[in-house]
Amino acid sequence: MENVIELKHPLIQHKISKLRDKHTGTNEFRKLVEEIAMLMGFEALSDLPLEDIEVETPIETCKTPVIAGKTLAVVPILRAGLGMVNGILALVPSAKVGHIGLYRDEETHEPHEYYCKLPDPINERLIVVTDPMLATGGSAIAALDFIKQHGGKHIKLMSIIAAPEGVKRVHEAHPDVQIYIGHVDRELNKDAYICPGLGDAGDRIFGTK
Ligand code: PRP
Ligand code: URA
């Protein structure tokens, strides 16, 4: 599928295996999510635009590239997407941060919106939507719909673990969005949890149940 990129980097795969382990506690889990987000961001942001500035080195003046203009907005899908934000901000500290609050209904698995706030204007920025889990794809589709309704044009989605059926659904709904995934797992179970997955990402990041 064009625009669906599964990242095979050994460091990402190693850290995902640690995330999956049910014995990994909240502290380490949080740290791993942030580190994986940074590694994924390194790949996903490889096409950030550059512009030349003039810099005086101790030897001479030269033209040298920096990231161009007001480029990036990070938009986590609450709650679990929050865990990935600092990993991206470590790479691009000047990025603005929006928030999209969605929770999945336990019975229907449909997303429900409870909070949305985006940097304004958003249309000129590259927008990186973060959510560690892409299961049915309903939450990602709702977030991408919302961002586009508010003028977002150049959007990337980063998910650490995804189910194949969810990836297909998001790609069909938003074929223009580049989807970066750490690992595509086997399938969803009857409760729409990813198998083998890592359980409930929000609960594991925030230590709730
Ligand atoms: C989880 C996860 C995604 C969503 C994925 O959030 O963080 O946002 O489910 O499922 P989907 O692809 O089927 O929509 P949840 O609704 O559990 O909320 P939380 O992050 O606040 O725990
Ligand atoms: N949300 C999660 O946190 N985990 C899953 O497996 C599916 C949705």
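Analysis parameters
- Within any chain, residue numbers begin from 1 and follow the written order of that chain's sequence.
- The lettering of chains begins at A and the numbering of ligands begins at 1, in the order of writing.
- pLDDT decides what is reported in this predicted model: residues at 70 or higher carry local features, side-chain atom pairs at 80 or more are listed and counted, and totals for whole chains, interfaces and linings draw on all residues regardless.
- To get the side-chain values, all heavy atoms of the structure are used, and hydrogens and water are removed first.
- UniProt positions are given in the numbering used here, feature names are shortened, and annotations may be inferred rather than shown by experiment.
- Helix numbers and strand numbers start at the N terminus; a helix is a DSSP run of H or I with at least 4 residues, a strand a run of E with at least 2.
- By definition in these notes, contact holds between two residues if any of their heavy atoms fall within 4.5 Å.
- In protein, a polar contact means a hydrogen-donor-capable atom and an acceptor-capable atom, both N or O and within 3.5 Å, with residues adjacent in sequence counting only if both atoms are side-chain atoms; elsewhere, any N or O pair within 3.5 Å suffices.
- We define proximity as follows: a residue is near a molecule or strand when any one of its heavy atoms falls within 4 Å of that partner.
- Per-residue and other accessible areas follow the Shrake-Rupley method at a 1.4 Å probe size, with only the shown protein chains counted as cover for residues.
- Basically, the charged four are Asp, Glu, Lys and Arg, the nonpolar ten are Ala, Val, Leu, Ile, Met, Phe, Trp, Tyr, Cys and Pro, and anything else, Gly included, counts as polar.

K.L.:
What is the right way to read the UniProt feature "binding site: uracil" (unreviewed entry) in the chain from this model?
P.N.:
The positions UniProt marks with the feature "binding site: uracil" (unreviewed entry) are I194, G199, D200 and A201. Locating D200 in the fold gives a position in the loop between β13 (194-195) and α6 (201-206). With near-sequence residues (within four places) excluded, D200 lies in contact with R79 and Y193. A distance of 3.0 Å separates a polar atom in the side chain of D200 from the backbone nitrogen of D203. Relative to the helices and strands, A201 resides in helix α6.

K.L.:
Help me understand the site of ligand 2 in this model?
P.N.:
The immediate surroundings of ligand 2 are formed by R104, M133, A135, A192, Y193, I194, G199, D200 and A201. One of the backbone nitrogen or oxygen atoms of G199 is found 2.8 Å away from a nitrogen atom of ligand 2. With respect to ligand 2, the backbone of A201 contributes an N or O atom lying 2.8 Å from an oxygen atom. Surface burial for ligand 2 is 88%, taken as the share of its 240 Å² of free accessible area covered by protein chains.

K.L.:
In this structure, what is going on with the site of ligand 1? I would like to understand it.
P.N.:
Around ligand 1, the structure places 15 residues, and the nearest of them are R104, D131, T136, G137 and S139. Here R104 contributes a side-chain N or O atom positioned 2.7 Å from an oxygen atom of ligand 1. Relative to its free-state accessible area of 500 Å², ligand 1 is covered by the protein chains to the extent of 91%. Within the residue set of the shell around ligand 1, elements represented by two or more residues are β6 (99-104), β9 (133-134) and α4 (138-149). Residues of the shell around ligand 1, tallied by class, amount to six nonpolar, five polar and four charged.

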